[in-house]
Amino acid sequence: MTEALTLPPILDEIQRADAGPRPTTTLRARRSPLAEPERQIEALGIVPLGHLPSGGDFGVALEMNGSPSLTAAGIEIFQINLGKLCNMTCRHCHVDAGPDRRREVMDRETVEACLSALDRTEAHTVDLTGGAPELNPNFRYLVDQCVARAKHVIDRCNLTVLLLQRNADLPEFFADRCVEVVCSLPHYRRRNTDAQRGDGAFEKSIKALERLNAAGYGSGDPSRVLTLMVNPVGALLTGDQCSMEREWKRGLNRNHGVSFDRLIAINNMPIARFLEWLEKSGNLEDYMELLVTTFNPSTVQGLMCRNTLSVSWDGRVFDCDFNQMLELESRGTDNLPVNIEGLDPSPVVGRRIVTGRHCFGCTAGAGSSCGGAIHDTSE
Ligand code: SF4
Ligand code: SF4
């Protein structure tokens with residue numbers, strides 16, 4: 001029996017819990033032209049990068065480094081984006097998620113289609129993302145179904161969502177099912193985090209980390225892994241992941257008494273609200289030049305699009321979450337769109353990945369993926 005969609009009560013609770021000032025609203029709510037993916041692609045395309053050796057063309061950059069095109073190696077990670085609804089509206093959001101995106105939420109029928117498709121793949125990991133995936137009424141059902149299939153489940157959690165009353169028991173729910181919780185927190189200092197996520201976000205995040213710690217997360221237990229995902233605050237590449245992990249562990253423990261297991265550092269992708277910020281702050285050209293000039297060929301083999309399939313809230317299939325937001329759909333080796341209904345994995349393996357200028361965000365510096373740095377610079 002399909003669980004009733006109880007979004008209105010969820011939205012009420014989001015509004016009550018998030019009464020503080022927010023840094024921004026969604027592009028969609030403001031009717032910004034950048035709400036449309038084509039406008040984002042266009043905005044990236046007109047950045048003058050012709051003076052650089054690759055001309056700012058990702059395909060040329062691959063070719064110059066001996067990889068004529070990017071192809072998928074297999075499906076190890078099945079990523080499901082449960083929707084664009086979120087209790088926050090962070091300034092750097094590549095999804096343009098927020099409380100107003102209540103129509104874009106995966107329904108039970110699509111969840112079932114994902115599970116059938118998952119059964120046809122060899123994927124060992126199911127990566128649940130959003131928006132805030134925990135706001136989807138089918139979230140717990142989906143986690144249980146994936147755990148019953150012996151999959152490693154990752155929940156990409158914004159932390160503050162755990163403070164909503166309806167989610168008070170989620171840390172224990174996760175712990176009972178050995179779910180890895182990957183929490184986003186831009187910085188271990190209040191000022192930097194609040195600048196990106198809104199006033200009060202840091203304090204709420206610390207409270208949520210305390211709850212996860214109380215449920216056994218962050219203590220080195222391999223069945224209760226607490227990962228922090230961090231991204232730069234500003235038009236910079238992320239720093240060295242290993243030294244950041246040490247610094248963050250020290251900072252969070254000493255100042256707030258909370259712990260976590262590992263840290264992954266990712267670059268901000270020049271799309272959606274981060275693209276808007278780059279444009280408005282006059283940083284777009286410099287940031288794109290930085291991404292292109294720091295292209296690192298040793299990251300190409302480890303790009304997440306090579307081993308991931310990413311499903312959108314409405315059941316479309318993409319090479320990664322970023323292509324999903326730009327509506328660049330996957331095509332199989334048969335050149336047909338990949339369909340979640342009756343998924344046939346054979347044309348999916350070996351398919352050509354759809355690329356664009358935004359892809360330089362994944363190959364810059366140490367590289368950047370859902371799992372953090374691709375090339376460990378500390379080696
Ligand atoms: S960055 Fe994450 S927490 Fe922030 S608005 Fe986007 S989906 Fe929500
Ligand atoms: S954005 Fe990154 S992960 Fe996605 S297709 Fe481009 S290189 Fe691959």
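As the structure is a prediction and not an experimental result, all values here were calculated from the model. (Residues numbered from 1 in each chain as written. Chains lettered and ligands numbered in written order. Predicted model: local features only at pLDDT ≥ 70, side-chain atom pairs only at ≥ 80, totals over all residues. Heavy atoms only, no water.)

Draft legend 1. Inspection of the environment of E76 at higher detail. Structurally, E76 is set in the loop between α3 (58-64) and β1 (77-81). Judged by relative accessible area, which is 38%, E76 ranks as partly exposed. A C-alpha to C-alpha distance of 28 Å links E76 and P232, two positions 156 residues apart in sequence. The contacts of E76, once residues within four sequence positions are left out, are A123, H124, T125 and N307. (Helix = DSSP H or I, 4+ residues; strand = E, 2+ residues; numbered from the N terminus. Buried < 20%, exposed > 50% of the residue type's maximum accessible area, 1.4 Å probe, protein only. Contact = heavy atoms within 4.5 Å.)

Draft legend 2. Here's a closer look at the site of ligand 1. As a matter of local geometry, ligand 1 sits amid C86, M88, T89, C90, C93, A97, G131, N158, R197 and R273. Tallied by class, residues from the shell around ligand 1 come to five nonpolar, three polar and two charged. (Near = heavy atom within 4 Å. Nonpolar A, V, L, I, M, F, W, Y, C, P; charged D, E, K, R; others polar.)

Draft legend 3. How the structure looks around the site of ligand 2. Around ligand 2, the neighbouring residues are L303, M304, C305, C320, F322, N323, I353, V354, H358, C359 and C362. Here the shell around ligand 2 is built from residues that sort into nine nonpolar, two polar and no charged.

Draft legend 4. Spatial organisation of the packing of aromatic side chains. Following the criterion strictly, the structure yields eight aromatic pairs and no others. Ring geometry for F58 versus F360: centroids 5.2 Å apart, planes at 85 degrees, classification edge-to-face. Here F360 lies in helix α13 (residues 360-363) and F58 lies in helix α3, a separation of 302 residues in the sequence. In terms of burial, F58 and F360 fall into one category: buried. (Phe/Tyr/Trp six-rings, centres within 6.5 Å; stacked < 30°, edge-to-face > 60°.)

Draft legend 5. Region of the structure containing the packing of helix α7 (residues 190-197) against helix α8 (residues 201-214). Two elements in contact, α7 and α8, have axes separated by 8 Å at closest approach and are oriented at 110 degrees. Considered as vectors, α7 and α8 are oriented roughly perpendicular to each other. For the pair formed by α7 and α8, the contact residues are R190, T193, D194 and R197 on the first element and A201, F202 and E203 on the second. The residue inventory of the contact of α7 with α8, partitioned by class, reads two nonpolar, one polar and four charged. (Axes fitted to C-alpha atoms, helices over the stretch in contact; angles between N-to-C directions. Parallel < 35°, antiparallel > 145°, perpendicular 65-115°, else oblique.)

Draft legend 6. Looking closely at the packing of helix α2 (residues 37-45) against helix α10 (residues 272-280). Where α2 meets α10, the axes come as close as 11 Å, and the angle between the chain directions of the two elements is 40 degrees. Classed by the angle they form, the pair α2 and α10 counts as oblique. For the element pair α2 and α10, the recorded crossing hand is left-handed. Mapping the contact onto sequence places Q40, A43 and L44 in α2 and A272, L275 and E279 in α10. Of the residues contributing to the contact of α2 with α10, the split by class is four nonpolar, one polar and one charged. (Left-handed = near helix turned anticlockwise from the far one by under 90°.)

Draft legend 7. A look at helix α4 (residues 108-119). Its 12 residues give α4 an end-to-end C-alpha distance of 17 Å, which sits within 8% of 16 Å, the value for a rise of 1.5 Å per residue. Along α4, the residues classified as buried are R108, T110, V111, A113, C114, L115, A117 and L118. The inward-facing, buried residues of α4 abut β1, β2 (125-129), α5 (139-148) and β7 (308-311). (Expected span 1.5 Å × (residues − 1).)

Draft legend 8. A look at the layout of surface pockets. Counted as a void, the largest pocket has a volume near 360 Å³. Residue assignment for the lining of the largest pocket shows that the elements contributing at least two residues are β1, β2, β3 (152-157) and β6 (262-265). Taken together, the residues of the lining of the largest pocket break down into 10 nonpolar, 10 polar and six charged. As a volume, the second largest pocket reaches approximately 170 Å³. In terms of lining, the second largest pocket is formed by 17 residues, of which the most central are R28, A35, P37, K84 and M325. Per-element tally for the lining of the second largest pocket: the top contributor is α2, with three residues. Counted by class, the lining of the second largest pocket contains seven nonpolar, two polar and eight charged residues. (1 Å grid on protein atoms, 1.4 Å probe; cavity = no way out; pocket = protein on both sides within 12 Å on 5 of 7 lines; lining within 4 Å. Points joined across faces, edges and corners; volume = space filled by probe spheres on them.)

Draft legend 9. Quick look at α10. Every buried residue of α10 is listed here: A272, R273, F274, L275, E276 and L278. Residues of α10 that are buried sit in contact with α2 and α11 (284-293). Following α10 by one or two positions, G282 adopts a phi angle in the positive range, close to 75 degrees.

Draft legend 10. Structural view of empty space enclosed by the protein. One pass over the full model with this rule turns up three cavities of 30 Å³ or more. For the largest cavity, the calculated volume is near 560 Å³. Along the walls of the largest cavity sit 31 residues, with H92, H94, V95, S184 and M229 positioned nearest its centre. Contributing elements (two or more residues each) for the lining of the largest cavity: β3, β4 (180-184) and α12 (321-325).

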